[in-house]
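# Overview (structure and organization)
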Amino acid sequence: MVEAIEVDGVPTLFAPSAGRTAAGLIFRVGQADETLPLHGITHLVEHLALHDSGLSDYHYNGETASVYTHFHLRGSESDVVGYLGKVCDGLADLPMHRLETEKEILRTESRTRGGTSALPLWRYGAQGYGLPSYPEWGLARLRPEDLRWWVENYFTRENAVLWIAGERVPAGLRLRLRPGARRPVPQPTSALPQTPAWYTGDDTSVVFSAVVRRSTAASVYSGVLERELFRDLRQEGGYSYTASTSYDPRGDGYATITAYADALPEKQGAVLGGFVDVLARLRYGTIDPASVTAVRNKSLENLNHPEIEAARLPGHALNLLTGQRNLTVDELRAELAVVTAEQVYAVAVEAADTTLLQTPHRTTADWAGFAAAPTSSECEADGRRYAHREDGEVALVIGPEAVSIVREHSCSTVHYADCAAMMSWPDGARRLIGNDGIVLHLEPGMWAMPYQEIGALDAGVGPARHLPQPARDPASIPRPAAAPAVAPPAPDGGNVGEIIAMVLLGLVALGLGLVTLPLTIVAIVSGGADSIDWAFLGCLAVLTGLFATPVVMLLRRRRRRR
């Protein structure tokens, strides 16, 4: 049975558990609360707060997610008291002498943990829940005063929940936290004009995500989807090694269902087709009741674990932080027992309407009725237009409210008011990232524009959203290609032959013309008298043209050489 108490004014959930004590302090702040210029600040605070914990004989860790930050450990009661006390003391007085060192550690961590999922970026854009897709670009510009402000506003007593699983609440446990206010989860944004949608990812996998209302039936749908994908793509098709799903509550009454299947390059089409077939089968109600029963029974079996109340404490604490309903084990067991195939089908319909699909490289999903996620803007900026120094089909437009790079059939536009961040290099290069995820990169040397326009961009975006970058190697800075060398014209003496040819041919053509023209006039005036030989006049005209044509061609060639 979970007991609700308080420790130093912090709401606390306690459940009895055998063995070593486990505990966690969760704050309602995460990456989704940041902005792109500050991205990484929560993670940096977490690292600094843990610094004084140092080496220990117990297991402890910190975690920064989209909407929460979690400090947790497993050890003796005295370990719990010491660890949580040090975390709170570290938050009260961050060890700023470690600031640059911890920044370097975080940069190293980002390289070793691999790439981040692009799904949040494509669904939410460069803000809120989309920020986990981006590198922690804010680290370089963060100052001690930024970190202190963040702690004072988010790492507070009222914005935290403690959970403890053990024999008792450890004696002497103190949580010295500042007073503050409970922070609601961020409102979700959208970078998708319509769903279901698709975009092209890497060449190793197919990934699906959908946002549905949080429910027990939705968690069962996630399990059924995993079973169907595993059966079709691995057991029967032999296309994939891994086919898995996850169900992750977002904290606002909705949950994200994610599904993944890996693929070899030669099997990409088969995996994509099989994946879409499974989604369509569930969407149109072809749901095997045996799969629903199997998922339901597995979930019910997990609830029979003797430590189930303790195992559910972190989820309970997060629900309390975000204002979501907490089900008891008996309530959850009762809801699971009555989930039907019809309820799973209703979730499948809801999921299909919000689907975002990452297809393998060089594949699409428009054939399956999915709309392509936007990779360009709908309209261009209104402003001054500048030509590209190498590509005549590309133009740069800088206006008072937005900037665009315009191509023949597309454009990339970032409005200053909707610019999430602007990366800036000392040599003048700028990269603007819109809230919708559109990226516009500008190399000033490649455009026929005055350098003062860079100042207009800087002023339009404003310093609070600038991300200064280190100087680049001069050899890496793009510059227009050198114009090909043109051979100097030959001296006039070298063209004597052309001049003689033009004079001789011109004189012959002129003579023929002087004969042909009067005879033609006489013929016309006399009304075509029999004494006029029209065939003869035609021959004269043809000869005149034959001699005049080379003269004209030689004159044009000489003019081009000049």
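One structure accompanies this document, and this report is about it. (Residues numbered from 1 in each chain as written. Predicted model: local features only at pLDDT ≥ 70, side-chain atom pairs only at ≥ 80, totals over all residues. Heavy atoms only, no water.)

### A look at the state of the cysteines
When the sulfur atoms of two cysteines share a covalent bond, that bond is a disulfide. On inspection of all chains with the given rule, the structure shows zero disulfides. Left unpaired, C411 is separated from the closest cysteine sulfur, that of C379, by 6.6 Å. By relative accessible area, which is 8% here, C411 ends up buried. C419 takes part in no disulfide bond, and the closest cysteine sulfur, belonging to C379, lies 16 Å away. (Disulfide = S-S within 2.5 Å. Buried < 20%, exposed > 50% of the residue type's maximum accessible area, 1.4 Å probe, protein only.)

### A short note on unusual backbone geometry
Across the chain, the bulk of peptide bonds are trans and the bulk of non-glycine residues have phi less than zero. Look at the link from T195 to P196: it is a cis peptide, with omega at 5°. For P196, the position within the fold is in the loop between β6 (160–166) and β7 (197–200). Although it is not a glycine, D8 sits at a positive phi angle of roughly 55°. As for its placement among the helices and strands, D8 is situated in the loop between β1 (3–7) and β2 (10–16). Residue class for D8 comes out partly exposed when judged on its relative accessible area of 28%. Even without being glycine, R362 reaches a positive phi, approximately 70°. (Helix = DSSP H or I, 4+ residues; strand = E, 2+ residues; numbered from the N terminus.)

### Side note on the sheet that holds strand β19 (residues 439–442)
As summarised here, the arrangement of the four strands in space is β19-β18-β17-β20, forming an open sheet in which the pairing is mixed. Only two strands of the sheet have a single neighbouring strand rather than two, namely β19 and β20 (466–468). Put simply, the sheet's adjacent strands are angled 15° from each other on average, direction ignored. Pairing of strand β18 (residues 430–434) with β19 involves four bridges; the strand directions are antiparallel. Of the residues in β19, the one forming a bridge with R431 is H441. (Pairing = 2+ DSSP bridges. Axes fitted to C-alpha atoms, helices over the stretch in contact; angles between N-to-C directions.)

### Considering the packing of helix α6 (residues 216–236) against helix α7 (residues 268–283)
Close contact between α6 and α7 brings their axes to 10 Å; oriented N to C, the two are set at 140°. Our classification of the angle between α6 and α7 gives oblique. Of the two possible hands of crossing, α6 and α7 adopt the one that is right-handed. Within the contact between the two elements, α6 uses Y221, V224, L225, E228, L229, R231, D232 and L233 and α7 uses V271, G274, F275, V278, L279, R281 and L282. (Parallel < 35°, antiparallel > 145°, perpendicular 65-115°, else oblique. Left-handed = near helix turned anticlockwise from the far one by under 90°. Contact = heavy atoms within 4.5 Å.)

### Details of the pairing of β1
Pairing analysis gives five bridges linking β1 to β2, with the strands arranged antiparallel. Bridge assignment links E3 to a residue of β2, and that residue is F14. Where β1 hands over to β2, the hairpin turn is made up of two residues, of which D8 adopts a positive phi near 55°.

### Description of a negative patch on the surface
A grouping of E390, D391, E393 and E408 is seen on the molecular surface, where their side chains present a negatively charged patch. Here E408 is to be found in the loop between β15 (402–406) and β16 (411–415). For E408, a relative accessible area of 60% gives the class exposed. (Patch = residues over 30% accessible without salt bridge, like charges linked within 9 Å, V, L, I, M, F, W, Y side chains within 5 Å. Areas by Shrake-Rupley, 256 points an atom, 1.4 Å probe, with all protein chains shown as cover. Salt bridge = Lys/Arg side-chain N within 4 Å of Asp/Glu carboxyl O. Lys, Arg positive; Asp, Glu negative; His and termini not counted. Charge placed at Lys NZ, Arg CZ, Asp CG, Glu CD.)

### Here we look at the sheet that holds strand β14 (residues 395–398)
Taking strand neighbours across the sheet as the criterion, the four strands line up as β13-β14-β15-β16 in an open arrangement whose pairing is antiparallel. Strands with a single pairing partner mark the edges of an open sheet, and in this sheet they are β13 (384–387) and β16. When strand polarity is set aside, the average angle formed by the axes of neighbouring strands in this sheet is 15°.

### Topic: the environment of P179
Of note, P179 is situated in the loop between β6 and β7. Not counting residues up to four positions away in its chain, the partners in contact with P179 are T156, R157 and E158.

### Observations regarding the nonpolar core
Ranked by size, the top nonpolar core spans 44 residues in total, and within it F208, Y221, L225, F275 and L357 carry the most contacts. Looking at this core element by element, the count peaks at eight residues for α6. With residues up to four places along the chain from it excluded, the contact list for L225 reads F208, T245, A259, V278, L279 and L282. Within the second largest apolar cluster, 38 residues are counted, among which are V7, V80, L94 and L173. (Core = buried A, V, L, I, M, F, W, Y, C linked by side-chain atoms within 4.5 Å.)

### Overview of the side chain of N159
By the element assignment, N159 lies in the loop between α5 (144–154) and β6. N159 gets classed as buried once you look at its relative accessible area, which sits at 0%. In this structure, N159 is in contact with I26, F27, R28, V29, Y154, A181, R182, R183 and L321, ignoring residues within four places of it in sequence.

### So, the pairing of β16
Of all five residues that make up β16, four are buried, and the element is covered over most of its length. Across five bridges, β15 lies against β16 in antiparallel orientation. In the strand pairing of β16, V406 is matched with C411. The antiparallel pairing of β15 with β16 creates a hairpin that spans four residues between the two strands.

### Considerations on helix α3 (residues 99–112)
With 14 residues, α3 ought to run about 20 Å at 1.5 Å a step, and its terminal C-alpha atoms sit 20 Å apart, in line with that. Among the residues of α3, L99, E102, K103 and L106 are the ones counted as buried. Take α3 and look down its axis: the buried residues cluster within an arc of 105°, on one side only. Opposite the buried face of α3, at more than 90 degrees from it, the exposed residues are E100, R111 and T112. Those residues of α3 that are buried lie in contact with α1 (41–50) and α5. (Expected span 1.5 Å × (residues − 1). Arc of directions from axis to C-beta.)

Everything listed here is a matter of geometry and, on its own, says nothing about what the molecule does.
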